[in-house]
Amino acid sequence: MFDFYRIAAAVPSVKVADAAYNTDQILDQMKDAWEYGPAVVAFPELAVSGYTCQDLFFQQPLIREVGQGLSRILAATSGHESAVVVGAPVMLSGQLYNGAFVMMDGKLLGVTIKTFLPNYSEFYEKRWFNSADDLPCRDAYLSDLGISFDPEDVDDYAVPVGSHLIYNLDGKLRFGVEICEDLWSPIAPSAVMALAGAELIVNISASNELIAKREYRKNLVKQCSASHVCEYLYVSAGSDESTQDVIFSGHSLLAENGTVLNENRDYIANDYLLVADMDLGKIRSERAKMKSFGDAAAHYRGLVARCQTITEAAPELPESDGSYYILQKHPFVPTSKSKLAKRCSDIFDMQVGGLAKRLSVTGSKPVIGVSGGMDSTLALLVAAKALRKLGRPASDLIAITMPAFGTSGRTYNNSLLLIKSLGTEPVVIDIKKACVQHLEDLGHDGETKDITYENTQARERTQILMDYANMHGGLVVGTGDLSELALGWCTYNGDQMCMYGVNGSIPKTLVRWMIDAVAETGIFPDSTVVLRDILDTPISPELLPPDENGQITQKTEDSVGPYELHDFFLYYTLRYGYSPSKINHLANRAFKEDYDPETILKWQKMFTRRFFSQQFKRSCMPDGVKVGSVAMSPRGDWRMPSDASVTEWMTELEKLS
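Engineer: I'd like a description of the nonpolar core, backed by residues and values.
Structural biologist: Nonpolar side chains in soluble globular proteins generally cluster together in the buried interior. Grouped together as the largest cluster of nonpolar side chains are 115 residues, with contacts concentrated most on Val40, Leu173, Phe175 and Leu355. Setting aside chain neighbours within four positions, we find Val40 in contact with Arg6, Ile7, Ala8, Ala83, Val85, Leu173, Phe175, Leu200 and Val202. Judged by nonpolar contacts, the second largest core, of 50 residues, contains Ala33, Ala47, Ala132 and Ala237.

Engineer: Which residues make up helix α17 (residues 563–576), and what values go with them?
Structural biologist: In this model α17 runs 19 Å from its N-terminal to its C-terminal C-alpha over 14 residues, within 8% of the 20 Å that 1.5 Å per residue would give. Counting buried positions along α17 gives 13 out of 14 residues, so the element sits mostly inside the fold.

Engineer: Summarise the sheet that holds strand β10 (residues 200–205); cite the residues concerned and give the values.
Structural biologist: Ordered by their spatial adjacency, seven strands build an open sheet running β13-β12-β11-β10-β9-β8-β15, and the pairing between neighbours is mixed. Both edges of this open sheet fall to β13 (259–263) and β15 (308–312), since each of them pairs with a single strand only. Averaged over all pairs of adjacent strands, the angle between their axes in this sheet comes to 20°, without regard to strand direction. Summarising the sheet, strand β8 (residues 165–169) and β15 pair through five bridges and their orientation is parallel. Within the sheet, the bridge partner assigned to Leu169 lies in β15 and is Glu312.

Engineer: Provide a residue-level description of the packing of aromatic side chains, including the pertinent values.
Structural biologist: Throughout the structure, instances matching the rule amount to 22 aromatic pairs. Look at Tyr571 and Tyr572: their rings are 4.9 Å apart centre to centre, the planes differ by 90°, and that puts the pair in the edge-to-face class. Across the pair, Tyr572 and Tyr571 agree in class, each one buried. Put simply, the rings of Phe332, Phe568, Tyr571, Tyr572, Tyr576, Tyr578, Phe591 and Tyr595 touch in pairs and so form one group of aromatic residues. Here the guanidinium or amino end of Lys508 rests over the ring plane of Tyr563, the centre of that ring lying 5.0 Å away. Residue placement shows Lys582 over the ring face of Tyr578; its charged tip is 3.9 Å from the ring centre.

Engineer: Before we move on, could you go through the pairing of strand β12 (residues 252–256) and cite the residues and values that matter?
Structural biologist: β12 sits mainly inside the fold: five of its five residues count as buried. Residues of β12 alternate between two faces, with Ser252, Leu254 and Glu256 on one and Leu253 and Ala255 on the opposite face, all of them buried. The sheet contact formed by strand β11 (residues 231–236) and β12 spans five bridges and is antiparallel. Opposite Tyr234, over in β12, you have Leu253 as the bridge partner. Two strands pair when backbone bridges link them, and β12 and β13 are joined in this way by four bridges, in the antiparallel orientation. By the bridge assignment for β13, Glu256 is matched with Thr259.

Engineer: Would you mind going over the environment of Trp638 in detail, with residue names and values included?
Structural biologist: Topologically, Trp638 is positioned in the loop between α20 (615–618) and α21 (647–654). With 23 residues separating them along the chain, Trp638 and Gln615 place their C-alpha atoms 9.9 Å apart. With residues up to four places along the chain from it excluded, the contact list for Trp638 reads Leu574, Phe611, Gln615, Arg618, Ala631, Met632 and Ser633.

Engineer: Can you lay out unusual backbone geometry for me, pointing to particular residues and giving the numbers?
Structural biologist: Residues apart from glycine generally show negative phi values, whereas peptide bonds are mostly found in trans. If you check the backbone angles, Asp170 has positive phi at about 60° while not being a glycine. Checked against the element boundaries, Asp170 lands in the loop between β8 and β9 (173–179). For Asp170, a relative accessible area of 36% translates into the label partly exposed. Of note, Asp271 is a non-glycine position whose phi angle comes to about 55°, a positive value. In this structure, Asp271 sits in the loop between β13 and β14 (272–279).

Engineer: Go over the sheet that holds strand β5 (residues 107–113) with me, naming the residues and quoting the values.
Structural biologist: Judged by pairing direction, the sheet is mixed, and its eight strands sit side by side in the order β6-β7-β5-β4-β3-β2-β1-β14 without closing on themselves. Of all the strands in the sheet, the pair left with one neighbour each is β6 (139–141) and β14. Each neighbouring strand pair of the sheet contributes to a mean axis angle of 30°, computed without reference to strand direction. Sheet topology note: the strand β1 (residues 4–11)/strand β2 (residues 40–42) ladder contains three bridges and is parallel. Among the inter-strand pairings, Ile7 is bridged to a residue of β2, identified as Val40. Against the sheet, helix α5 (residues 280–289) makes contact with β1 and β14, and its axis sits at roughly 45° relative to β14, the strand it touches most.

Engineer: Quick rundown of helix α14 (residues 508–521)? Include the residues and the values.
Structural biologist: Between its first and last C-alpha atoms α14 spans 21 Å; for 14 residues at 1.5 Å apiece the expected length is 20 Å, and the two agree. Counting buried residues in α14 gives 10 out of 14 residues, a clear majority hidden from the surface. Within the sequence span of α14, burial applies to Lys508, Thr509, Leu510, Val511, Met514, Ile515, Asp516, Ala517, Val518 and Ala519. Tucked into the core, α14 has its buried residues touching α8 (337–362), α9 (374–389), α13 (482–487), α15 (528–535) and α17. Just downstream of α14 lies Gly522, where phi reads positive at about 70°.

Engineer: Quick one: what's the story with a nonpolar patch on the surface, residue by residue and with numbers?
Structural biologist: Taken together, the side chains of Ile211, Ile247, Tyr267 and Ile268 make up a nonpolar region of the molecular surface, amounting to roughly 390 Å² of accessible area. A relative accessible area of 38% places Tyr267 in the partly exposed class.

Engineer: Outline the pattern of salt bridges, listing residues and values.
Structural biologist: Applying the stated criterion across every chain, the model contains 33 salt bridges. Across the pair Lys282 and Glu256 runs a salt bridge whose closest N-O atoms are separated by 3.8 Å. Of this pair, Lys282 sits in helix α5 while Glu256 sits in strand β12, placing them 26 residues apart in sequence. When sorted by exposure, Lys282 lands in the same class as Glu256, which is buried. Across the pair Asp516 and Arg532 runs a salt bridge, and its minimum N-O distance is 2.4 Å. Here Asp516 is found in helix α14, whereas its partner Arg532 is found in helix α15, with 16 residues between them in sequence. Owing to a relative accessible area of 28%, Arg532 belongs among the partly exposed residues under this scheme. Among the charged side chains, a network of salt bridges with common partners joins Arg214, Glu215, Lys218 and Glu263.

Cut-offs applied
- The residue numbers shown here count from 1 along each chain, following its written sequence.
- Selection of residues for local features in this predicted model requires a pLDDT of at least 70, selection of side-chain atom pairs for listing and counting requires 80 or more, and totals for whole chains, interfaces and linings are taken over all residues.
- No hydrogens and no water enter the side-chain calculation; it runs on all heavy atoms of the structure.
- Note on terminology: a nonpolar core comprises buried Ala, Val, Leu, Ile, Met, Phe, Trp, Tyr and Cys residues joined through side-chain atoms within 4.5 Å.
- Burial classification: accessible surface area is computed with a 1.4 Å probe over protein chains only, and a residue below 20% of its type maximum counts as buried, one above 50% as exposed, and the rest as partly exposed.
- Any two residues having at least one pair of non-hydrogen atoms within 4.5 Å are treated as being in contact.
- The secondary structure listing takes helices from DSSP runs of H or I that are at least 4 residues long and strands from runs of E that are at least 2 residues long, numbered from the N terminus.
- How far a helix is expected to stretch is found by multiplying one less than its residue total by 1.5 Å.
- Here the rule is simple: two strands pair whenever DSSP picks up at least two bridges between them.
- Note on definitions: angles span 0 to 180 degrees between N-to-C directions of axes, and those axes are lines fitted to C-alpha atoms, for helices only across the stretch in contact.
- Centres within 6.5 Å are what make two rings of Phe, Tyr or Trp a pair, Trp counting through its six-membered ring; a difference in plane orientation under 30 degrees is then read as stacked, over 60 as edge-to-face, and the rest as tilted.
- Definition used: whenever NZ (Lys) or CZ (Arg) falls within 6 Å of the ring centre and also within 35 degrees of the ring normal, the charge is taken to sit over that ring.
- The patches reported here contain residues having more than 30% relative accessible area and no salt bridge. Joining distances are 9 Å for like charges and 5 Å for nonpolar side chains (Val, Leu, Ile, Met, Phe, Trp, Tyr).
- Areas reported here follow the Shrake-Rupley algorithm with a probe of radius 1.4 Å; residue values treat only the protein chains shown as occluding.
- Every case where a carboxyl oxygen of Asp or Glu lies within 4 Å of a side-chain nitrogen of Lys or Arg is listed as a salt bridge.

In structure tokens, the structure reads:
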């Protein structure tokens, strides 16, 4: 469902050179795995025989017993649409090969042969096996492979044998298989198979464990999944393998385009299943956008031509609902506290670096409108640090607070305290009289709290900032964030406009943590107390009068919806181009403890309508540093016609009602 497919990495107990016992263990784990509805179940390298048989690989009784085991496994797959990948030695034309047998619904689809054989002190595979490059044929019959069958029910048939086989399951899932050392080679078979269309790479392995090797192996798999833009499933032999000179750990993991989705926890493990969901929609989206991927396929077309695609009808291939896919409620915000602090620190440095460069080029002073809210607070902190980076005095920071009809005492006082704590003096310009005069000139009664009433204040503030910048050699630093840009929750030619926008690629859900990180690190120790109070203040444009107690009455999220939902919708809309129904499905999973489905759908409709209708505000947005994978600059990151129709998106959402 929605391009989700489930995989299972199975690490069975092993008795070295006891193929009958090993086959029993594999069959038991296959049954267990099928309970989860996987599309692919993968077992380790040489799982049927055991990896550490050494010279016993040359013994005919072992090879004969392996064939019997493969026959039993193949028969057991009958009636199941899951692809099973299992490692076993294979004798072809008098030579021994290290193979991965791929089976589904009682049929052997192909045998992938290991290409790169280790030749270390611990592993001397070249003593026993030949490389796939030595294969004398491109296919082999079941009888050639030692697999028995009932000739009355099944005719002997040939299957592809080679190093670059791609299994295309009814166009729903395309995967390739490589074996252990293949991953370590400079140009791995997986790289070629990915360029030829494989979206999932399965690596069946028997990698011994050494100090620090697990982390190295994980990084290798992550990097491979990133450079190949693919899903990468790695499953390795467990601790029951021989411990004569080395130990095996049963390390298994699934990586998706550079991110580990799941990994077994125990350092030394055996006899377990690792189950995870993968999102092929992400892979397909990334490949469509990454033109260098297609360029590489064309550049290496000679290598790509080595791949052989095996197409198999699989109308009942299990799809997943994604319930085993780890989903972040706040995709812009790392869940780990240490990673969050590092992310915020890095982003802050990027903001500072961008603004410092612009100030040094223009020779300007930063001019900022400070409301006492979070967005302007972050922009002010960035400007103060940029001046410090340039070795310029804090007094070069021009911070203007402009109270109007909706300004509360709390935000006004916080803006003054914050500005002073940064070592400069606030410029206070009350705009109420100017706004009243302007409304009178328009023939507005001044009592109707409509959009004109609100936007008059926003545009007056921008006019003051621009004119004040002209008077003092300043550059107006914008405060608007990514979430506001996506929703168009800004006044055109008001707070939508500036000379440089430092927050333009930072979502609302991250702004809070950015300020918190600055407070925690003590960059501006005199500002800590007021920063804490600003973080506790409700999000508001403060364009409508406060209540009789001076408290904020206009809360943005009451009108436009929760920003955590909008940032979720924004991420999956821009980053991967998901359909509204898939985004809704993910949102209901992520926020099931927070909002009911009706509420989520209500705000998703709001987001979608505003996202399309407000593009004109983004088409003329000012310069600003890009800090993440999602940004909306019309000069590169997001190019959308302002006249685009929202009909298809809203029609799909209406069907969910």
